Amino acid sequence: MATDNNIAVSVKDLEKKFGSFIAVNRINFDVKRGEIFGFLGPNGAGKSTTIKMLCGILTPTAGSGYVDGYDINREQELIKQNIGYMSQKFSLYDDLTVEENIDFYSGIYKVPPKRQRERKEEIISMIGIEEFKSMFTGILSGGLKQRLALGCAIIHEPKIIFLDEPTAGVDPIARNNFWKLIKEMANKGITIFVTTHYMDEAENCDRLALIYQGSIIAMDTPINLKTQCMKEKVLKISVSNAEEWLYKLDKVEGIKESALFGTAIHTIVDDAVKVKQSIKKLFQETDIKDFTIESIQASLEDVFISLIESHEKVGGMCELK
Amino acid sequence: MITVKTQNLTRKFASLIAVNNLNLEIEEGEIFGLVGPDGAGKTTTMRLLAGILEPTSGEGWVYGKHISKESEALKDNIAYMSQRFGLYEDLTVMENLNFYADIYNVSLKERTQRIERLMSFSGLSPFTNRLARYLSGGMKQKLGLACALIHTPKVLFLDEPTNGVDPVSRRDFWQILYQLLKEKVTIIFSTSYLDEAERCKRVGLIHKGQLLKCDVPANIKRERNVDTLEAAFISIINESH
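Residues numbered from 1 in each chain as written. Chains lettered and ligands numbered in written order. Predicted model: local features only at pLDDT ≥ 70, side-chain atom pairs only at ≥ 80, totals over all residues. Heavy atoms only, no water.

J.: Hey, could you run me through the pairing of strand S2 (residues 21-32) of chain A in this one?
T.: For a regular strand, the rule is simple: side chains alternate between the two faces of the sheet. Residues and elements named next belong to chain A. The pairing of strand S1 (residues 7-18) with S2 spans 8 bridges and is antiparallel. Pairing of Ile-7 across the sheet is with Lys-32, part of S2. Taken together, S1 and the strand that follows it, S2, pair antiparallel across an intervening segment of 2 residues, in which Gly-19 is found at a positive phi of about 60°. (Pairing = 2+ DSSP bridges. Helix = DSSP H or I, 4+ residues; strand = E, 2+ residues; numbered from the N terminus.)

Structure representation (structure tokens):
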């Protein structure tokens, strides 16, 4: 039994094999109460398998874990009753109204009858869905459905909420509102465990773990990951006709990858000083005078791609300098 | 050269104005991003430009062809990839490519060479005989793109092509798009992910059928004095209410 009351989720050497395939390879991490913890990784990396073990749906093949003090190997039913879970599929009944969906989940999660009415009002006001409460769920926009799904997932006031790619296919305004709600909940001490593919979403997390081929290959705050975990540097090159220069730059030694960002080029390089010199030389030779080359902070996406590539080569975990 | 041009392009569905007096010009070889909330009119705009949907009023030309009067001729020059990729799940990778080659009347002679090129360019070669159903999201997306490119279109419409695709596959996908830019293909791309829109040369923000903003990402951010397109757009949309 995990005794530290400040830890909401704790796993030690957690492993899941399917036959000879190792889906999750002895991972370790702790999530503090009130923390927004992001779990990132490509498809098939082990994200869903981990979440399923934490939610009491899958039994690990080795290792231990505790969620809100409950043992994931032995107290799976208690875990299910005490956590909130929302997936990208939302699991709402389209042919029930908003209120009926809330009532339905209230019943499933055994909210005490005396409390049900009051709790429903709380949820409706929290997710801002007052004016739609007697509408059929099927006709709601993606953003409203998403908020309703969140409302239903927390009807029983769980202290930990698992969100599995909660905003796939939801537009930016709705996503922004959704994250405001999530942050409010975290401020009240609720722990949020979220998986996502989207880096702008990952930026909202207090801490991130990157999982790849079943292993955690980096874990830190977004800012530390961006500033300390990538060995390559990113250069931003502003020059007119950037599209054409994109291919010409491929020939410059030391450039690993280039991409267009608006009217500028971002390149990933090992040796910023050397490559800067080579590009300057190339521009001068072709009589280009109007250009700038500056080092910029890597994006989370740059960092993750770089970590995955270096993991493929050497393995191991990102070591902070 | 301007490859896409619209003049007061409008499409109504009963009382709903899905696209409202759209005026747009897109240059050859440009990556243009169409962004906006759900239901803003992104998909309707794409379908109008691809000649799939008739405008209620206004005009539009794509690669010199009028979008309603010459919608059949227009289709020779364009490709449209929808969010669902339009693949046949019970056909293999190769069968899907051949099917699209048939539809677009690609001659047998040209076909072999083109398929070979698309396969290597998209990294699909190892999966030739795999049923589309068994491909990962990222691979499906690449196959969808390869099928859309079978007739070497000049203008490519991609409707939210990276929804639900992981970062590694997304990165590969962008590298394929850059290859196309090299051949001066014009790419019009819709997305609800604004970090992705930063990659476009210019972006147009659509909200309730109207183009609220159309400029290079750097200008839009500077004007609003924010670091991200997301922050800029939320501020523009809130102001429009």
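J.: For this particular structure, what's the right way to read the pattern of salt bridges?
T.: For side chains bearing opposite charge, pairing can occur when the charged atoms are close. Taken as a whole and assessed by the stated rule, the structure comprises 38 salt bridges over all chains. Across the salt bridge formed by Lys-256 of chain A and Asp-270 of chain A, the nearest N and O atoms sit 3.6 Å from each other. With a gap of 14 residues between them, Lys-256 of chain A in strand S12 (residues 255-261) and Asp-270 of chain A in the loop between strand S13 (264-269) and helix H10 (272-285) connect regions that are remote in the sequence. Lys-256 of chain A gets classed as partly exposed once you look at its relative accessible area, which sits at 40%. A salt bridge links Arg-170 of chain B to Glu-301 of chain A; the nearest nitrogen and oxygen atoms lie 4.0 Å apart. Of the two residues, Arg-170 of chain B sits in helix H6 (residues 167-182) while Glu-301 of chain A sits in helix H11 (residues 300-314), which places them in two different chains. What makes Arg-170 of chain B buried here is its relative accessible area of 3%. A cluster of three or more residues bridged by salt bridges with shared partners is formed by Glu-257, Glu-301 and Asp-302 of chain A together with Arg-170, Arg-171 and Arg-199 of chain B. (Salt bridge = Lys/Arg side-chain N within 4 Å of Asp/Glu carboxyl O. Buried < 20%, exposed > 50% of the residue type's maximum accessible area, 1.4 Å probe, protein only.)

J.: Explanation requested: empty space enclosed by the protein in the structure shown.
T.: Unoccupied space between atoms shows up once a probe the size of one water molecule is rolled over them. Inspection of the entire model under this criterion finds 5 cavities of 30 Å³ or more. What the largest cavity holds in volume is close to 60 Å³. Lining the largest cavity we find Val-234, Glu-257, Ser-258, Ala-259, Phe-261, His-266, Ile-268 and Asp-302 of chain A together with Arg-171 and Arg-199 of chain B. No other element matches S12 of chain A, which puts 4 residues into the lining of the largest cavity. By residue class, the composition of the lining of the largest cavity is 4 nonpolar, 2 polar and 4 charged. (1 Å grid on protein atoms, 1.4 Å probe; cavity = no way out; pocket = protein on both sides within 12 Å on 5 of 7 lines; lining within 4 Å. Points joined across faces, edges and corners; volume = space filled by probe spheres on them. Nonpolar A, V, L, I, M, F, W, Y, C, P; charged D, E, K, R; others polar.)

J.: Just checking my understanding: could you explain the sheet that holds strand S8 (residues 186-191) of chain B for this structure?
T.: Within a sheet, each strand pairs with its neighbour through backbone hydrogen bonds, oriented either parallel or antiparallel. Residue and element names in this part refer to chain B. What the 6 strands build is an open sheet, ordered S6-S7-S8-S3-S9-S10; its pairing is mixed. The open sheet has two free edges, formed respectively by strand S6 (78-81) and strand S10 (210-215), since each of these has just one partner strand. Each strand of the sheet is rotated relative to its neighbour by a mean of 15°, with strand direction disregarded. With 4 bridges connecting them, S6 and strand S7 (residues 155-159) associate as parallel partners. By the bridge assignment, Met-81 is partnered in S7 with Leu-158. Its contacts with the sheet put H6 on strand S3 (31-35), S6, S7 and S8, and the angle it makes with S8 is roughly 150°. Contacts from helix H9 (residues 229-240) reach S3, strand S9 (202-207) and S10 within the one sheet, and its direction differs from that of S9 by about 35°. (Axes fitted to C-alpha atoms, helices over the stretch in contact; angles between N-to-C directions. Contact = heavy atoms within 4.5 Å.)

J.: Would you mind going over the interface of chain B and chain A with me for this structure?
T.: Many descriptions give the size of an interface as the accessible area lost when the pieces come together. Tallying the contact residues gives 32 residues for chain B and 32 residues for chain A. Overall, the association of chain B and chain A removes approximately 3,000 Å² of surface from exposure, summing both partners, and the carbon and sulfur fraction of that is 53%. When residues of chain B are sorted by the area they lose upon contact with chain A, Arg-171, Tyr-178 and Tyr-193 of chain B head the list and together hold 23% of the total. Among the salt bridges present, the one from Arg-171 of chain B reaches Glu-301 of chain A, with a minimum N-O distance of 3.2 Å. Mapped onto the side of chain B that touches chain A, the elements with two or more residues apiece are H6, helix H7 (194-197) and H9 of chain B. Among the residues making up the side of chain B that touches chain A, the classes are represented as 13 nonpolar, 8 polar and 11 charged. (Buried area = accessible area lost by both parts, 1.4 Å probe.)

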